[in-house]
Amino acid sequence: MAVEKMLKFVTVGKSMPEKRSATERAHDFNEIYGEYVAAKAEEQASRCSQCGVPYCQSHCPLHNNIPDWLRLTATGRLQEAYEISQATNTFPEICGRICPQDRLCEGNCVIEQSGHGTVTIGSVEKYITDTAWEQGWVKPISPSQERPESVGIIGAGPGGLAAADMLRRAGLQVTVYDRYDRAGGLLTYGIPGFKLEKDVVMRRNQQLEAGGITFVMNCTVGDDISFAEIREKHDFVVIATGVYKTRDLAGPGSGAAGIVNAIDYLTASNRLSFGDSVPEFESGELNAEGKKVVVIGGGDTAMDCVRTAIRQGAESVKCLYRRDRANMPGSQREVQNAEEEGVEFVWLTAPKGFAGDPVTGVMVQQMRLGQPDASGRRSPEVVDGADYVEEADLVIKALGFEPEALPALWNTPELDVTRWGTVKADFRTHETNLPGVYAVGDIQRGASLVVWAIRDGREAAEDILSKLAASTGVAAE
C-alpha cells in the first residue's frame, strides 16, 4: 500500500491543487515516504531465511546479531531490533550508511549466494537506528556510578569514540584529545556528506559530550601537549590517531601545482558543508568545478573523490587504476554508483609522470596482469610502447594512507612499532608494550574499515574494564 501511495504521489503530484503550500506538499511527501521506507524495510527483513549458519553475522567484524534484528524488524518490533543492533555496535547508524556490506554481511548472505539477491542489511540497519533516534530510544549515557579512574584517548575517530563510549558508560572519566576542531576523524572530514550526513555524526558527538566525555580539540599531541603528560594525567591511554600520511607518487612533474592529496581535497569539501571558509576551495586549488579531473587509486577513498568531483561540477572525471575491475580493492557498489554518475574508469593504467606546471596531463603507462604476488593478487606489469597522456586540470592522489612516525613525533622511542610504522599491540587486548597504553584502529592495523576500528575500540575498552575489575574487585556495570 505504501509503495502504491508513493508512486501515485510522484506521478500525480504536479496536478495537485495549487492552493496547497510547499510546506504542506513536503509534509505529505515525507509522510508517504516514511511509510514507503518502513514497508521496504519490513519487506527486506522478511526475506531473511534465518539460516542455521548465519554467514552475515560471522562476516561482520562486530559479529552483529543480524538474523535476530531482521526477524524483529519484519514483525514490526523495531525498538527491540534496535536494542539488539546497538548491543554489539556503538554506532549502528554510521555502519548502516558506510560499511561495505557487499564485501561483508550482504556479500555473504545465503540468499545472495543462491542467486536471488541479498537482503539489504545495511539499509535496514540504517532504518531501525534512524527510527530509534526519532522515537527517543537512543538512551543518553548515564553511568550508574562514577569511578575515579581516568582514560586519555588520542584521536576522536571511530575507534577512539567507540572506546570512549564504553568506558564512560562504565563510569570512568574519559578525555579525548584530537588535532581537529570537530570530533569524528574521517567520519567528519574524510567521508563525503552524500554517504554520511554530517548531522548524523554531530548528533552522536553531542551525545558523547552530554554523557560526560571531555573533548580537547585543536590539540596536537607532541606540540600542544606531550605524550608523557597525557600518560601522567591518566590511568590508561588509548592511541587512536588513525593514519593520515598520504602515500606519494614519484616521477617527473609530481610536484606541479594542481596535483593534490585526497585527504586535503575531501576535507575542504566537508568543511564547506559545515559552512566553514575554505580559502583553498575558493581559490580553485581544491575545487573541481569546470575541470578535467583525474583520480589515481582504486580504493574507497578514490571513490569518494570521484563522486565528490562530479558533484562539484567537473567537466570530466576519470579514475586510473593499475589493475582491472575484479581486482579493485574498493567497494564494487561504489564503483557502480560512480559509473552511474558519469565517472569513467580507465583500468590497467598507472601514472609514470605529469605534464605541465600547473598540471595539464598525466603521463600514463598501460598495464597487464601477470602472475599472482604473495597476497594471491595478480601483479600489474608494464606494457611496453603503450604510453599516452591523459589530459587533466586537477589530479587527486588517492593511493592510500600510511602511519605517521609517532615515536619520533611524540618523543617516545620506547613505543614499539612494526616495520610498516603501525603501533605494535596485542590484537586481542590492543595493549602495547607500554603498560596501560593501547592502540586501536588504523594506527594498529593499517588503513582499514570504520567497522574494524569500532571493534578495536570496544575490545580495548573491555580489556581496560577487565583489568580494573581484577585490580579493584569491582566490576563495571
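Just above sits the structure.
Description of the structure in this document. (Residues numbered from 1 in each chain as written. Predicted model: local features only at pLDDT ≥ 70, side-chain atom pairs only at ≥ 80, totals over all residues. Heavy atoms only, no water.)

Concerning the overall build of the chain
Now for step 1: Of regular secondary structure, the chain possesses 19 helices and 16 strands.
Now for step 2: In terms of C-alpha radius of gyration, the chain reaches 24 Å, essentially the compact-globule figure of 23 Å for 477 residues.
Now for step 3: When burial is assessed residue by residue, the chain has 52% of its 477 residues classed as buried.
Now for step 4: Put simply, of all contacts in the chain between residues at least 6 apart along the chain, 68% involve residues at least 24 apart.
Now for step 5: Counting only carbon and sulfur atoms, one obtains 49% of the accessible surface of the chain, whose full area is about 21,600 Å².
Now for step 6: Both charge centroids of the chain, one from 49 positive and one from 67 negative side chains, sit 4 Å from each other. (Helix = DSSP H or I, 4+ residues; strand = E, 2+ residues; numbered from the N terminus. Rg over C-alpha atoms; globule rule 2.2 N^0.38 Å. Buried < 20%, exposed > 50% of the residue type's maximum accessible area, 1.4 Å probe, protein only. Contact = heavy atoms within 4.5 Å. Areas by Shrake-Rupley, 256 points an atom, 1.4 Å probe, with all protein chains shown as cover. Lys, Arg positive; Asp, Glu negative; His and termini not counted. Charge placed at Lys NZ, Arg CZ, Asp CG, Glu CD.)

What about the pairing of strand S7 (residues 292–296)?
Now for step 1: Of all five residues in S7, four are buried, a share of seventy percent or more.
Now for step 2: With helix H15 (residues 300–311) bridging S7 and its parallel neighbour strand S8 (residues 316–321), the resulting β-α-β unit is right-handed.
Now for step 3: Strand direction decides the pairing type here: S7 and strand S14 (residues 394–397), joined by four bridges, are parallel. Each residue of the ladder has a partner; that of Ile296, found in S14, is Lys397. (Right-handed = clockwise from strand over helix to strand, strands pointing away. Pairing = 2+ DSSP bridges.)

Comments concerning helix H19 (residues 450–472)
Now for step 1: If you check H19, its first and last C-alpha atoms are 33 Å apart, about what 23 residues at 1.5 Å a residue would give, namely 33 Å.
Now for step 2: Phi turns positive, to about 80°, at Gly473, one or two residues after H19. (Expected span 1.5 Å × (residues − 1).)

Brief notes about the packing of helix H4 (residues 66–74) against helix H8 (residues 121–135)
Now for step 1: One can describe the packing of H4 onto H8 by two numbers: an axis separation of 11 Å at closest approach and a directional angle of 65°. Relative to H8, H4 is oriented so that their crossing is left-handed. In this structure, H4 contributes Ile66, Trp69, Leu70 and Thr73 to the contact, and H8 contributes Ile121, Val124, Glu125 and Ile128.
Now for step 2: Here the residues of the contact of H4 with H8 are counted per class, giving six nonpolar, one polar and one charged. (Axes fitted to C-alpha atoms, helices over the stretch in contact; angles between N-to-C directions. Left-handed = near helix turned anticlockwise from the far one by under 90°. Nonpolar A, V, L, I, M, F, W, Y, C, P; charged D, E, K, R; others polar.)

Focus on the side chain of Lys291
Now for step 1: Considering the arrangement of structural elements, one finds Lys291 in the loop between helix H14 (279–282) and S7.
Now for step 2: In this structure, Lys291 is buried with no salt-bridge partner, the nearest side chain bearing the opposite charge being Asp393 at 7.5 Å.
Now for step 3: For Lys291, the side chain forms a polar contact with the main-chain oxygen of Gly284, separated by 2.5 Å. (Salt bridge = Lys/Arg side-chain N within 4 Å of Asp/Glu carboxyl O. Polar contact = N/O pair within 3.5 Å; in protein donor to acceptor, adjacent residues only side chain to side chain.)

Some details on the sheet that holds strand S2 (residues 173–177)
Now for step 1: Taken together, five strands build an open sheet; the order of strands is S3-S2-S1-S4-S16 and the sheet is parallel. Each edge of the open sheet carries a strand with a single partner, namely strand S3 (214–216) and strand S16 (437–439). For this sheet the average axis-to-axis angle between neighbouring strands, irrespective of direction, equals 20°.
Now for step 2: Where strand S1 (residues 150–154) lies against S2, five bridges are found, and the strand directions are parallel. Each bridged residue has a counterpart across the sheet, and for Ile154 the counterpart in S2 is Tyr177.
Now for step 3: Running at roughly 165° to S2, helix H9 (residues 158–169) makes contact with S1, S2 and S3 of the sheet.

Concerning the environment of Leu167
Now for step 1: Topologically, Leu167 is positioned in helix H9.
Now for step 2: For Leu167, a relative accessible area of 0% gives the class buried.
Now for step 3: Residue contacts for Leu167: discarding those within four places in its chain leaves Val151, Leu172, Val174, Ala461, Ile464 and Leu465.

Focus on the sheet that holds strand S6 (residues 259–261)
Now for step 1: The parallel open sheet is built from five strands, whose spatial order is S6-S14-S7-S8-S9. Looking at strand neighbours, the two that pair on one side only are S6 and strand S9 (344–347), the edges of this open sheet. Sheet twist, expressed as the mean angle between neighbouring strand axes with direction ignored, is 25°.
Now for step 2: Across three bridges, S6 lies against S14 in parallel orientation. Bridge pairing links Asn261 to Lys397 in S14.

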